[in-house]
Structures are given as C-alpha cells and as structure tokens.
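# Structure assessment
These are the residues of each chain, in order.
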Amino acid sequence: MSNSGLTDTEIINRILQGEAAIFAQIVERYQNFVFTLVLRFTDNREDAEEIAQDVFVKAYRSLADFRGESKFSTWLYTVVRTSCLTFLRKKRLDTTSIDNERTFLQLENQQSGFRADTIETKSRHAMVNEAIRLLSPDDSQLITLFYKGEQSLEEIGRIMGLESNTVKVKLHRARHRLKEKMEKYFSHEVRELQG
Amino acid sequence: MEERLWDYIDGLSSPVERSAIDGLIAANMEWQRKYRELLQVHQLMNGSELDAPSLRFTKNVMEEIARAHVAPATKNYINKNIIHAIAGFFLTMITGFLVYCLGQFKWSGHSSSNLVEHYNIKTNLNAEIEKFNWGKVFNSAYTNIFLLVTVVLGLMLLDMYLQRKRQENRQKEINP
C-alpha cells in the first residue's frame, strides 16, 4: 500500500505543518480501498466516486482532530462509513434484495461480457467481487474491511460501532451468506475451482 | 463446526483448540470436507481485488482540498483568555462567598493583652461559630446550583489541561 517511506502519522504531521500537497500520498494509498468500501453501499460508480472524494476532503479538514489513538486507516474507514450512511439516508436507496431476479440477470449480462480467453484468475476475482456485491452493505463492508482493510476484529468493531465478539459472529454469518450466493449464482465457476 | 473452523482458519483459535481441530481434520472426513470448502472461500476472498476509481481521482481530491483548509484542532477554537476570565470569575465568586459567610460572624471583642480576656474572646467566637446556621447556607438551591456549576467547570478545565499535556507529550515523542 505505501508509496513512500513515510508512515501515515508522519504524513499527517507534515500536512499540519503546512505541506498540504503531501496529502496526495494518503489519497493514493487508500483510494482503492475507500472506493471499494463505498461501492459496497452504492453499487453506482459515479456516486461512489463522488462519496469517496467527499470522504477524503472531510478527512483532510478533520486531520487536526486525529488523535492517533487508533490507526489512521481505522479512523478513515469510520469517516467512510459515516459518509455512506449519510448518503443512503439522503438518497433513500433501497438495498436490492439479494435474491432479486433482476439483479441476477444484470450479473448474467456482466458475466457474459467476459471473453473466452479471460485468464482464470481474473474470472475468479470477478466472481468473488460480484458475489460480495450481492450481500447487504453491512455484510459486504465487513468482509472487505476484514480481508482487504488489514483491520482486526476490535478495529472493525470501532468502525462499525460494535463489540468485537459481535463482529466475529457477523463475519461468520456474512461468509456463510457469501458462500451460499456463490454456490447459487456461480455454481459452475465454483465447481471448476473445486476441480 | 463452521464457527470453530473459521476461528481456526483466521488464526483465532487457542493452541489447544488448534491441535484438537488438526486432529479432527486428519481423522474425520466430514471435518476435512468442510475445512477445504471454507478454506477455499477464505482464499478466494483474500485474493479478491479492490475496485479502482478513475485516473483523475487523486487530482480531483487535491483540487477540492486546495479550496479547503485544515480546521484547527478543537482545542484551538477555544480562546484561552476566555477560559481564564471564566476561571477568574468563579474564583472571585467563591472568594466573595467565603467573605460573605465569614462576615456573618460577630467578630467584636475587647482589645486586651490579658490572657483571660483573650481566652474569653476565643470561647465567644467558638460559640458564635456553633450558633451559625450552616444549613441555611448550604441547603439553599442557589448555593447548590452554584457549587454544581463550579465543580463541572473545574472538571472541564482539568480535562482540557490534561488533554493538552498529552498532545504535547505525543508531539515530543514524534519530534524529539
């Protein structure tokens, strides 16, 4: 993730001393993850990019209040979550039912867009990402934070406002639901992987 | 079974539990099958890729923050002079209150170097103190509210002071 030798705390201190331009390193370091997390809530790339941009601007404005009691990434992901929930409340988006036939057909169309010579790894990643998108925003965010966010159960609990034991239970259930979705909508790919 | 296997895969099991599950996986086909199934899901999720925003994303963010500024830390919003003024006000109130209470005593006595007279004055003073109705002072609603507000403000000032000290110490650790 790091694109320079500086830690997050060192970068923040330099920004607070007036080197605003160095904030670009923070953006590059976390943009993919923030964008992915936001996409779990909106499923629309334009909205996701707008929200992700807003997250970084809010984080920049509030940098002086980052006390260093937790990792910067944990603090940033809390801003992500708050921004996403605010966006959802404003737009009053429906969380598409995971068994919605229309959603499945959309996925089918996307899947058929893959060329026959797509490498096996890319197909597998696409399948997993699509399956994660079928989950509820909370489940998909939880899985993304655990597997991609380098966050412990306690840190995820802090982000989502839950006890770490509750996070563990929710994670188990989210993975179970993910497995079910993969078996239901991607049974062919799952069988190929099993060999 | 699934919960135990997930804890095993995530590395959250205790050493005792780990070796018990190792044994179960080795000896039991059901456990073995389930373990392979869950491990595969785990590996798939570990291998999943992040989505990337547009190439202009960083540039867009930096253009946006060029218009913004880092808000000063909350502690800097507060003007220290105001805090000193409030503290001064309450100290004055407390002092005035004490002066008022002490003014309720009858301090009159004879000026005499005679030890007996001096002793009598002291005894009178003690009697006056005992006669003074402290309940009238401390049972008053105004007094109670005043004391409560003073205590709360005192605690807030203490918290702000300790918070500032901690920030300074942290700064010293980062920039020795």
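As the structure is a prediction and not an experimental result, all values here were calculated from the model.

## So, the overall build of chain A
When helices and strands are counted, chain A shows 10 helices and zero strands. Taken from the N to the C terminus, the helices and strands of chain A come in the order α-α-α-α-α-α-α-α-α-α. Looking at chain A residue by residue over its 195 residues, the buried ones come to 36%.

## Details of the overall build of chain B
A tally of regular secondary structure across chain B gives nine helices and zero strands. Along chain B, helices and strands appear, N-terminal first, in the series α-α-α-α-α-α-α-α-α. Here chain B, with 176 residues, has 5% of them falling under the buried criterion. Taking the contacts inside chain B whose residues are at least 6 apart along the sequence as the reference set, 59% of them involve residues at least 24 apart.

## Concerning the packing of helix H2 (residues 23–42) of chain A against helix H3 (residues 45–61) of chain A
Residues and elements named next belong to chain A. Contact pair H2 / H3: the axes reach a minimum separation of 8 Å and the direction vectors enclose 135°. Judged by the inter-axis angle, H2 sits oblique to H3. When the axes of H2 and H3 are compared, the crossing they make is right-handed. Residues Phe23, Val27, Gln31, Val34, Phe35, Val38, Leu39 and Thr42 of H2 lie in contact with H3, whose contacting residues are Asp47, Ala48, Glu49, Ile51, Ala52, Val55, Phe56 and Tyr60. Within the contact of H2 with H3, the residues separate by chemical class into 12 nonpolar, two polar and two charged.

## Things to note about the interface of chain A and chain B
Taken together, the 41 residues of chain A in the interface contact 31 residues of chain B. Secondary-structure elements contributing two or more residues to the side of chain A that touches chain B are helix H1 (8–16), H2, H3, helix H6 (120–133), helix H7 (137–148) and helix H9 (164–185) of chain A. Grouping the amino acids of the side of chain A that touches chain B by side-chain chemistry returns 21 nonpolar, 12 polar and eight charged.

## Some words on H1 of chain A
Residue and element names in this part refer to chain A. Residues of H1 that are buried: Asp8, Ile11, Ile12 and Ile15. Relative to the axis of H1, the buried residues are bounded by an arc of 100° and lie together on one face. In this fold, the buried residues of H1 make contact with H2 and helix H4 (72–91). Immediately beyond the C-terminal end of H1, within one or two residues, lies Gly18, with a positive phi of roughly 120°.

## Concerning the nonpolar core
Of all hydrophobic cores here, the largest spans 51 residues; its most connected members are Val34, Val38, Ala52, Val80, Ala131 and Leu178 of chain A. When residues in this core are grouped by element, the largest group, 11 residues, is from H2 of chain A. Looking at this core, you find at least three residues from each of domain 1 (8–91) and domain 2 (101–194) of chain A. Among all residues touching Ala52 of chain A, those that are not within four sequence positions of it are Gln31, Val34, Phe35 and Val38 of chain A together with Pro53 of chain B.

## Describing helix H8 (residues 153–160) of chain A
All names here are of chain A. Every buried residue belonging to H8 is among Leu153, Glu155, Ile156, Arg158 and Ile159, and all of these are buried. Among the structural elements, H4, H7 and H9 are those in contact with the buried residues of H8. In the stretch just after H8, Gly161 is the one whose phi turns positive, near 70°.

## Quick notes on the confidence of the model for chain A
Residue and element names in this part refer to chain A. Confidence along chain A averages 78 in pLDDT terms, with 76% of residues attaining 70 or more. The lowest-confidence element of chain A is helix H5 (residues 101–112), averaging 41 in pLDDT; the highest-confidence one is H3, averaging 92. Overall, residues 96–119 carries pLDDT values under 50, and its contacts beyond four positions in sequence, including any with other chains, amount to 11 contacts.

## Things to note about the confidence of the model for chain B
Residue and element names in this part refer to chain B. Across chain B, the average pLDDT comes to 77, with 70% of residues at or above 70. When pLDDT is averaged over each helix and strand of chain B, the minimum, 56, is found for helix H5 (residues 74–77) and the maximum, 91, for helix H2 (residues 15–27). Interface confidence for the predicted complex, expressed as ipTM, amounts to 0.71; the pTM equals 0.59.

Reading the values: the criteria
Residues numbered from 1 in each chain as written. Chains lettered and ligands numbered in written order. Predicted model: local features only at pLDDT ≥ 70, side-chain atom pairs only at ≥ 80, totals over all residues. Helix = DSSP H or I, 4+ residues; strand = E, 2+ residues; numbered from the N terminus. Buried ≥ 20, exposed ≤ 12 C-beta atoms within 10 Å, placed from the backbone. Contact = placed C-beta atoms within 7 Å. Axes fitted to C-alpha atoms, helices over the stretch in contact; angles between N-to-C directions. Parallel < 35°, antiparallel > 145°, perpendicular 65-115°, else oblique. Left-handed = near helix turned anticlockwise from the far one by under 90°. Nonpolar A, V, L, I, M, F, W, Y, C, P; charged D, E, K, R; others polar. Arc of directions from axis to C-beta. Core = buried A, V, L, I, M, F, W, Y, C linked by C-beta atoms within 7 Å. Domains from an automatic or database assignment. pLDDT = per-residue confidence, 0-100.

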